[in-house]
Structure formats: C-alpha cells, structure tokens
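Here's the letter readout for the chains.
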Amino acid sequence: MSDAAAAGPAAVSRAAIRPKVGRDDRLMLVFTLVIGLYLVVSLALPIFFMLWKSTEVRAFPYGAVELQVDTGAGFVPVGTLAAVAPQLGLGAAVDQARRSTSLTAAQLFPTRSFDGAPLKGLRMRLAVAADGTLDLSGKPVPPGEWAEVSVQDLRRLVLRAGTLRSFDNYTAYFSNPALTQSIVNSFAVALTTTLITVLLAFGFAYGLTRTCMPGKGLFRTIGMVPILVPSLLAGLSLVYLFGNQGLLKDLLFGAKIYGASGIIAGCVFYTFPHAFLIIATALSVSDARLYEAARSLRAPPRRTFFTVTLPGARYGLISAAFVVFTLTITEFGVPKVVGGDFNVLAVDIYKQVVGQQNFAMGAVVSVILLIPAVVAFVVDRMVTSRQVALLTARAVPYAPQRNRALDWAAFAFCCAVAALLLLILGVSQYAALVRFWPYDLSISLTHFVFEGVDGGGWGSYFNSVRLAFCTAIIGTVVVFIGAYLVEKGRGFVAARTGLHFLSMLPMAIPGLVLGLAYIFFFNDKSNPLNPLYGTMTILVICTVTHFYTVSHLTALTALKAMDREFEAVAASLKQPVTRMFTRITMPVCMPTGLDVAAYYFVNAMTTVSAVVFLYAPSTTLAAVAALNMDDAGQIQSAAAMCMLILYTNLAARGVHALLSRGLARTQEWRAR
C-alpha cells in the first residue's frame, strides 16, 4: 500500500490543489455581481417593496390624541380621542381613515357642542410621537404641545392619519364578496381555458408532427401568428363578431359575449401558440422503436396512442397546461375588453390602482394573484426536472407513415383551427379598414390616421418601436453575458447560482404585479432611482426584466451546446475571457442571439400588462394606446393600432429570417 493511500482521505484532502484565482475570474465575478445587482434592483426589491406596502394601513392615532374642551368653565380634560370616539360618532381608526385621511376639529364637533353644552374652545395635542400629524393653520404642531382654537376656528385644526403595519387590507379584501368572487372567476376561467387550449393545441401539434397531411409549414406559421399581436386584439375581434353589432351574434342565440365566455374565447386565441409550441416539441422527440415494438405486438392504434404517444408527451402536456393556466389567470387585455361585469383578479388590480387610486388594495390583489402564478411555476419546474431524455444516442427518430384517413382528418382539424385563428385577425383588419362600423362599410384608411383619438396616435406607435429596439439590443446583451457567466464561469459557485435563481424569477411574476411593484419602488421620492419614473428608461428596464427568463434559458441552451474545451484551450493559450467571449462564443451563438433579440422585439411591441402603470404622456405605447382607445369607445382605431403592431412584428420576423439566412453561411461548420 502506498503512503498516500495509507494516510486516508485526510491526506488526499491536503493534497488537493486549489485553482488560482486570476484576473479573468475576478472580472467574471464583477460582471456576475453587476447583473445580479441589476436583477435585484429591477425585480427583487420592487416585489419586496410591494409586499411591504400591502401591509400598510392608514389609521388615525386615536390613543395618542388628548383633548380639552371649554364649555364656559375653562378648558377641561376629556381624555384621549380613543375614549371619546364613540361619543363623537367616529368609526374605528382604520375605517375612519379609509373614508378620509384627515379630520378637522369641525368634523369632530359638527354641532359645536360637547355633552349638550355649547363649545367655546378646544385644545388638542399629540401626547407622544405617533404615526400621524396635527396641523394648526397648515403648520405641524410638535408632539407634546397643545394647539388651541376657538369654536369659530375649528376648521384650522386638522388631524392627519398615519400608517401602521397590519393585515387589515387582507381582512377587508376577504370580507368583500364582490372582490373574493374574482378569485373564483379567475380560477374557473383559467381552468376552462387550459382544458380547451391544450386539447386544441394537442390536436394541431399531432397533425403537424405525426401525420403526412399537406400544408404543414403554412399551418405552423398560422399557429404562431397570435403571438405577434397584443392580447386585447382577440377581445376586439370578439366584439366585432359576437358583440351587440357583431357579424355572427345570431350564432349565440341571444347569449352575450361579454363575460366568462368572451374571456375564455379570447384567452384560447392568446395562449394557443404557447401550448402548441411546447406540445409540438414534446411530440417531435419520440423514439420510433417504441412504435415498431407496438406494431410487432399487434397493438391496435388506439392502444398505441394511449400507451406510447400520450406517455411520451405527458411532460409537454403538463408544462403546456401550467403555462396556459398562468398566462390566463394573469391575463389583463382580454378581460379588460370583453369581461363586462365578470371580474377577474388582473382587472381588479387595474380598477383598484387606476380607477380608485387605492394602491394598498391593488398590492393586496397583486399578492393574491402572485400565489397561483408562483405555485404553477414551481410545480412546472418540479415536473420538468423529472423529465428524462426520450431521444438517446441509439434512438430512432419517428417518421410518420401515410394513413389516408388520419391524414385528411388531421388536415380538416388543422384547417378548422387555422380558420378560427385567421377569422380573429381578419375581422379586426376588416373593422380597421371600414369607415363606420356597421353602418358605412366602405373601405377607408381613416382609422389609421389616429387624429383626435385617445392614446397618443402615431407618437405611441413610434414609442413602441423605440422601446422594442432598445429592449432587443440591451436585453440580448445583458441576457447573453448573464447566461455566459452562469454556464461558463469558473468558481464563485454561490454567486453564479444566485444569478441563475434571479434569472428564473421573472417567469413567475405576472406583468401587472411587476408594473405595480415598480410604482411603489421607483415612485418613492426617497429612492435615488426616482428620476427614472415616467421615462423610456424604466419601460426598457421593466420589459427586459419581464421577459428575462425565456431569453436566459434560450441563451443557456445555446451555451450548453458549446464544449467546455473551448475555454480550456483559451486558458492554455493565455487568452483573456473577453477575447474568448467576443471572438468565439458570440459568433458561434449569433443565431441564438438573433432569436433572443426577435423575441424581445415582438414582446416589447405587444406588451400591455407590465407597462400600463408606468408610461407617461410622452412615452405612451401603441398597445396601451389601443387599450385607451377601446376605453374611449374608439374601437376601430384600437383595431387599427393592433394591426399596425402585427405588421411591424411581421416585418421584424422577416428581417430576422433574412439575417438568419445570412448567418447560416457562417455556421456551415456545424454540418461537418
């Protein structure tokens, strides 16, 4: 036995060589901390701030306010305001503050009397420092000092409510049946939409991957089109189809599109591409040997479907179901347009913040909306982590065989789904082109002029284009550097793990929740980043962060495909990591970089939920303008703006295709 072996594990541990931390490692650590700090400031802190604000309650400091009244015999102490509140007809401290955050002495003594005696004067003070202030003629009265007014000047003495931490906001929310009904409504709509969408997407994906039907490329393109338009376009089209002046309203036999049915129909259109893409990917990685074995065992097609096809695609189906559920329960555009009186959580947030200026209650609803989104995200991650590779090195890719009946049945099904998707787009295009729906159907471009309509018109459109360009460029650079540090970094495991964790968080945060969190965080005057509020910069930051996770995973997948030997060779040649990144990594990953940039561009053009609380008059965006036009009843102009967004995204996709084709020449080494 050798000496080292005889010395045991302790000797091996002492002999271990710790890699020397060089300049490149320190540089990568600095970049890891910078991008981590960006995600903390743009995501973690705003969400934490919103959670904190949801427990903030306005209340009058009844127990700290002492009173003395003069009814003709000089000033006589009557105790604290808490003691005489019932006598003065005041509600509880929190309830009273909900009615108004200030109370004048005239409101405390509206009859100018106390215990039946005419009031001649009043003294009031804050006995101790408390959350709340006492003002006399607009000037604050220090705690401990008396403020004295005559009966003629009672209005000059004002008690202002302070804040305290409590769960009273949550109590108030759950004690309001109208608000809690939104939870039931949201879950009912999300579950129904999930069931319908997954079934439709599975049939569509099955036809494209498991049959030999014609027109697969065209159907695949049509299936992805809904992702290029704002979600509220589906709501507008449903109004034109089944609304009070709709083309097909008779098909509803007197029923109304406004409500749950309209939200479900619109959300099915909006979420269809997401489910289709996931399920199609799951169905396209089957091992043909399983089907050969089933044929050898003379298993009928139905049994093969339930014992081979469905189990093989189960993780894709589960993931698609969670994605559709999360997108639907957090969706804002569709229920805003066709929801009517059917309240859901996402619209409740908008109503509380924009309609009632009740930010605390908006934060409460956001926290409630956050719970199912986070749970769905965590469960989806857990299920996905259990997925094993179906295609091994010895697997045989599945190639569909011709089956005349099945092929034509799949073709008919895909035609029906594609026709519905195109109908939604086509009716909005038609409505945007006619002069005055439904009375003057002559063709006109009047609604593309956007003069005299709400929302900012062409200025909003160009703001969206500017936002999309900035988001695509900045987001792609930040995401790729972050993904490179996570995947290719050496050492500093905790920092890289933390960065990866922060990169995964945005997928679990609904857009409305993120937008509201930005209001609380960036609109705080004490925040040094407050000058960003209301600028294009904060819109770019919010959009980059909102869509960070998918971009991060895409870049990570491309980087994982690169052998670590590249870094080892570069290190042996003493090449700095910056040269390795700019001359090797980025050129190799350029096609994926283009994909990420296109993803950011398209989503920045269509996003509504995350930015609807953050824009200023000079930074109004096209999708938000369409929402405001719909609010103002200018639905045809809203449809025109949505179609402009579609044209822009189609053009962007065309540019992306051309650039990808050009880049393909530089990637010919992959075929070797």
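Above this text is the structure in question.
Residues numbered from 1 in each chain as written. Predicted model: local features only at pLDDT ≥ 70, side-chain atom pairs only at ≥ 80, totals over all residues. Heavy atoms only, no water.

### Side note on the sheet that holds strand β10 (residues 147–150)
For step 1, the next point in the chain: Pairing in this open sheet of four strands is antiparallel, and the strands run β3-β2-β7-β10 from one edge to the other. One side of each edge strand has no neighbouring strand; the edge strands of this open sheet are β3 (75–80) and β10. Strand-to-strand, the axes of this sheet are offset by a mean angle of 20 degrees, without reference to chain direction.
For step 2, the next point in the chain: Sheet topology note: the strand β2 (residues 65–70)/β3 ladder contains five bridges and is antiparallel. Its bridge partner being in β3, D70 is matched across the sheet by F75.
For step 3, the next point in the chain: Helix α4 (residues 81–88) contacts β2 and β3 of the sheet and is inclined by roughly 95 degrees relative to β3. (Pairing = 2+ DSSP bridges. Helix = DSSP H or I, 4+ residues; strand = E, 2+ residues; numbered from the N terminus. Axes fitted to C-alpha atoms, helices over the stretch in contact; angles between N-to-C directions. Contact = heavy atoms within 4.5 Å.)

### With respect to the pattern of salt bridges
For step 1, the next point in the chain: Using the criterion set out here, one finds nine salt bridges in the structure.
For step 2, the next point in the chain: Residue E148 is joined to R123 by a salt bridge in which the shortest nitrogen-to-oxygen separation is 3.0 Å. Taken together, the residues span a long stretch of sequence, with E148 in strand β10 and R123 in strand β7 (residues 121–126) at a distance of 25 residues.
For step 3, the next point in the chain: A relative accessible area of 45% places E148 in the partly exposed class.
For step 4, the next point in the chain: Here R123 falls in the partly exposed class, since its relative accessible area comes to 26%.
For step 5, the next point in the chain: Of the charged contacts in the structure, one is a salt bridge between R156 and D153, with a shortest N-O distance of 3.2 Å.
For step 6, the next point in the chain: The class of R156 is partly exposed, set by a relative accessible area of 38%.
For step 7, the next point in the chain: What makes D153 partly exposed here is its relative accessible area of 27%. (Salt bridge = Lys/Arg side-chain N within 4 Å of Asp/Glu carboxyl O. Buried < 20%, exposed > 50% of the residue type's maximum accessible area, 1.4 Å probe, protein only.)

### A short note on a nonpolar patch on the surface
For step 1, the next point in the chain: Among the surface-exposed residues, L195, I196 and L199 lie close enough to one another that they form a single nonpolar patch of about 290 Å² accessible area.
For step 2, the next point in the chain: Along the chain, I196 turns up in helix α8 (residues 177–210). (Patch = residues over 30% accessible without salt bridge, like charges linked within 9 Å, V, L, I, M, F, W, Y side chains within 5 Å. Areas by Shrake-Rupley, 256 points an atom, 1.4 Å probe, with all protein chains shown as cover.)

### A word on the packing of aromatic side chains
For step 1, the next point in the chain: Tallied over the entire structure, the rule returns 32 aromatic pairs.
For step 2, the next point in the chain: Seen in terms of ring centroids, F359 and F520 are 6.4 Å apart; in terms of plane orientation they differ by 75 degrees. Their pairing is edge-to-face. Of this pair, F359 sits in helix α17 (residues 359–385) while F520 sits in helix α21 (residues 511–522), placing them 161 residues apart in sequence.
For step 3, the next point in the chain: On the basis of relative accessibility, which here comes to 26%, the residue F359 falls in the partly exposed class.
For step 4, the next point in the chain: Look at F547 and Y599: their rings are 6.2 Å apart centre to centre, the planes differ by 85 degrees, and that puts the pair in the edge-to-face class. Of this pair, F547 sits in the loop between α22 (536–546) and α23 (548–560) while Y599 sits in helix α26 (residues 590–606); the two residues are 52 residues apart in sequence, bridging distant segments of the chain.
For step 5, the next point in the chain: A network of ring pairs unites the aromatic residues F204, F219, F272, F276, W408 and F411 as a single cluster. (Phe/Tyr/Trp six-rings, centres within 6.5 Å; stacked < 30°, edge-to-face > 60°.)

### Remarks on the pairing of strand β13 (residues 440–443)
For step 1, the next point in the chain: Summarising the sheet, strand β12 (residues 434–436) and β13 pair through two bridges and their orientation is antiparallel. Bridge assignment links F436 to a residue of β13, and that residue is D440.
For step 2, the next point in the chain: What sits between the antiparallel neighbours β12 and β13 is a turn of three residues.

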